[in-house]
Amino acid sequence: MLAVPLLTNIGYLATCRAPGAQGDIHPVREAALAWEGGRITWAGPARDLPAALRALPAEDAGGLAVFPGLVDCHTHLAFGGWRADEFEQRIQGATYLEIAARGGGIVSTVRQTRQATEAQLEARARGWLAAMRELGVTTVECKSGYGLDRDTELRLLRVYRRLAASQPCRLVSTYLGAHVVPAEYRERRADYVRLIIDDMIPLVAREGLADCCDAFVEQSAFSIEEARAILRAGLDAGLRSKLHADQLSDGGGALLAAELGALSADHLEHVSDAGIAAMARAGVVAVSLPLATMYLNQPPMPARRLIEAGVAVAVATDFNPGSAPSFHLPFALTLACTLQRMTPAEALKGATIYAARAVGRDAEVGSLEAGKFADFALFDVPDVTQWLYQLQANACVRTVIGGETVWRS
Ligand code: NIG
Ligand code: FE
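Colleague: Explain the overall build of the protein chain to me, and be specific about the residues and the numbers.
Modeller: Secondary structure assignment for the protein chain yields 16 helices and 16 strands. Against the compact-globule benchmark of 22 Å for 409 residues, the protein chain has a radius of gyration of 21 Å, which places it among compact chains. Overall, the C-alpha framework of the protein chain stretches about 70 × 45 × 40 Å when taken along its three principal axes. Contacts in the protein chain between residues at least 24 apart in sequence constitute 71% of all its contacts with a sequence separation of at least 6. Within the structure as shown, the protein chain displays about 14,800 Å² of accessible surface, and the carbon and sulfur contribution to it stands at 51%.

Colleague: Pulling in residues and values, what's your account of the domain arrangement of the protein chain?
Modeller: Splitting the protein chain by domain gives domain 1 (6-68 + 366-408) and domain 2 (71-358). The straight-line distance from the C-alpha centre of domain 1 to that of domain 2 is 29 Å. At the interface, 35 residues of domain 1 touch 33 residues of domain 2. Of the roughly 2,400 Å² buried between domain 1 and domain 2 on both sides combined, carbon and sulfur atoms contribute 66%. The largest per-residue losses of area from domain 1 upon contact with domain 2 belong to Gln 22, Leu 388 and Ile 401, which jointly make up 30% of the total buried on that side. Summed over the shared surface of domain 1 and domain 2, the number is 1 salt bridge. The residue Arg 170 makes a salt bridge to Asp 375 at a minimum N-O spacing of 2.6 Å. Seen at the junction of domain 1 and domain 2, the total is 13 residue pairs in polar contact (both at pLDDT 80 or more).

Colleague: How would you sum up helix H4 (residues 106-115)? Please name residues and give values.
Modeller: For H4, the set of buried residues is Ile 106, Val 107, Ser 108, Thr 109, Val 110 and Thr 113. Looking at the buried side of H4, the elements it contacts are helix H2 (84-91), helix H3 (96-101), helix H5 (118-134), helix H6 (150-166) and strand S9 (212-216).

Colleague: Provide a residue-level description of the packing of aromatic side chains, including the pertinent values.
Modeller: Here the structure, examined in full by the defined rule, presents 16 aromatic pairs. For the ring pair Phe 79 and Trp 128, a centre distance of 5.1 Å and an interplane angle of 25° mean the geometry is stacked. With Phe 79 in the loop between strand S6 (70-72) and H2 and Trp 128 in helix H5, this residue pair connects regions lying 49 residues apart in the sequence. One aromatic cluster is present, built from ring pairs that chain together Phe 79, Trp 82, Trp 128, Tyr 146, Phe 319 and Phe 327. We note Arg 170 situated over the ring of Phe 373; from NZ or CZ to the ring centre the distance is 3.7 Å.

Colleague: Before we move on, can you summarise the coordination of the iron ion (ligand 2) with the specific residues and values?
Modeller: For a metal with four donors in a tetrahedral arrangement, the ideal angle between donors is 109.5 degrees, while six donors in an octahedron ideally sit at 90 or 180 degrees. Coordination of the iron ion (ligand 2) by the protein is provided by His 74 (NE2), His 76 (NE2), His 244 (NE2) and Asp 318 (OD), with metal-donor distances spanning 2.1 to 2.2 Å. Within one chain, the residues serving as donors to the iron ion (ligand 2) are arranged as H-x1-H-x167-H-x73-D. Highlighted residues: His 76 in the loop between S6 and H2 and His 244 in strand S10 (residues 240-245), separated in sequence by 168 residues. His 244 matches His 76 in its accessibility class, with the two residues each being buried.

Colleague: Residues and numbers for the site of ligand 1, please.
Modeller: What surrounds ligand 1 is a group of 15 residues, the closest being Arg 83, Tyr 96, Tyr 146, Asp 318 and Ser 323. The separation between a nitrogen atom of ligand 1 and a polar side-chain atom of Gln 247 is 2.9 Å.

Colleague: Summarise the sheet that holds strand S8 (residues 170-178); cite the residues concerned and give the values.
Modeller: Across the sheet, which stays open at both edges, the 8 strands sit in the order S6-S7-S8-S9-S10-S11-S12-S13 with parallel pairing between neighbours. The strands lining the two open edges of the sheet, one partner per strand, are S6 and strand S13 (313-315). Strand-to-strand twist across the sheet, computed as the mean angle between neighbouring axes with direction ignored, equals 25°. Relative to S8, strand S7 (residues 137-143) runs parallel, the two being bridged by 5 bridges. Across the sheet, residue Lys 143 finds its bridge partner in S8, namely Thr 174. Strand contacts of helix H8 (residues 224-236): S8, S9 and S10, with the helix running at about 175° to S9, the strand carrying the most contacts.

Colleague: So what about the pairing of S8? Which residues, and what values?
Modeller: Within S8, 8 of the 9 residues are buried, leaving the element largely enclosed by the surrounding structure. Judged from the 3 bridges that link them, S8 and S9 form a sheet pairing that is parallel. For Thr 174, the partnering residue across the bridge sits in S9 and is Cys 212. On the question of chirality, the crossover connecting S8 to the parallel S9 by way of helix H7 (residues 189-206) is right-handed.

Colleague: Before we move on, can you summarise the pattern of salt bridges with the specific residues and values?
Modeller: Scanning the entire structure with this criterion turns up 25 salt bridges. One salt bridge in this structure joins Arg 29 and Asp 383, with 4.0 Å as the shortest N-O distance. Of this pair, Arg 29 sits in strand S2 (residues 27-36) while Asp 383 sits in the loop between strand S14 (376-379) and helix H16 (384-389), and the two are 354 residues apart along the sequence. For Glu 86, the salt bridge identified is with Arg 83, shortest N-O distance 2.9 Å. The same class applies to Glu 86 and to Arg 83, which are both buried. The network of salt bridges with shared partners includes Glu 118, Glu 122, Arg 126, Arg 158 and Arg 162.

Definitions and cut-offs
Residues numbered from 1 in each chain as written. Chains lettered and ligands numbered in written order. Predicted model: local features only at pLDDT ≥ 70, side-chain atom pairs only at ≥ 80, totals over all residues. Heavy atoms only, no water. Helix = DSSP H or I, 4+ residues; strand = E, 2+ residues; numbered from the N terminus. Rg over C-alpha atoms; globule rule 2.2 N^0.38 Å. Contact = heavy atoms within 4.5 Å. Areas by Shrake-Rupley, 256 points an atom, 1.4 Å probe, with all protein chains shown as cover. Domains from an automatic or database assignment. Buried area = accessible area lost by both parts, 1.4 Å probe. Salt bridge = Lys/Arg side-chain N within 4 Å of Asp/Glu carboxyl O. Polar contact = N/O pair within 3.5 Å; in protein donor to acceptor, adjacent residues only side chain to side chain. Buried < 20%, exposed > 50% of the residue type's maximum accessible area, 1.4 Å probe, protein only. Phe/Tyr/Trp six-rings, centres within 6.5 Å; stacked < 30°, edge-to-face > 60°. Lys NZ or Arg CZ within 6 Å of the ring centre and 35° of its normal. Donors = N, O, S within 2.8 Å, 3.2 Å for Na, K, Ca; no water. Near = heavy atom within 4 Å. Pairing = 2+ DSSP bridges. Axes fitted to C-alpha atoms, helices over the stretch in contact; angles between N-to-C directions. Right-handed = clockwise from strand over helix to strand, strands pointing away.

This is the structure in structure tokens:
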């Protein structure tokens, strides 16, 4: 536990405050950071530290870098089994949609998830969250969507609720009943959409089991019309909208996200110019998932076009057993640099304040400024560029959530 509420001799502090462009992370050299009651009271150049705070017992950061706790704003954290066989099939030339069409893909994980007990799902997710904290991750969005039947979806969301209360990472939970149509509804998909709208969304909202509602718009998943009806029902029940949009083809998902005033549209490898313009006007965050791009060998999301149009671009892992079986967010950030041509500073803003905005938590986390939660991590790097350029197994040496050290090397 950090014994004292003041950290001095920080070599490089990226505050990641929101104002300015995607690359403006507002770094401070020779910085100090103070907090009280779990919230930041001051962040800035050490020489400007107010006299009252100078009196606090201080800890020397030894010149290390401090970044806001990273926000992984798109994961499918709880699921049963793995799909390493599909990894090999794709290497040998099968496409993601071909694998899905022959009963693999998401429905394979649905089978394995339905067979898992609540305790098994919880133990696995708990272990992954602990490993994510070691990388400097402090807030994680987690989706349901591998249960699809009533009981298994509720089981996944209950796992997230228990984890939120029993481990230190902050969790944002998202109901993704509209991931794919489950096998038992294949011949009557309209009934499945009705189940989501009439039964599941009201139940999930009433029990307070989710903050957001998500839908996967794709040939193999849901149409624009189905997603619109589902996400509107979510909004009516108080669940903010998110979308898996334009991943494998341009299906108009970005336009729907803008129409609904969604928090985010995610993937967007095939987003149209009209979609980009609409997202910019509506202030929808574009969540890039470069691990999925890499694993599926897709063309990258056109991050430069989005940024130039004024869209905030977040970066997340998409951790799931199919398209992105890794929760290594720093690796995803390096891929955002190389595949999407984002600068390291742009990528860091995408995994902090913009990622927080993508989950509706930017008033509380995502930047280091007075009033926000004291969620931050210390990295043994001189600055953000060296961090993402010389990707190490783990450059994070300590993670702090709400002023409490939750991990140190
Ligand atoms: O975000 N695109 C849809 N859902 C996941 C993939 C899930 C899976 O393949 O199991 C994604 O990439
Ligand atoms: Fe996803």
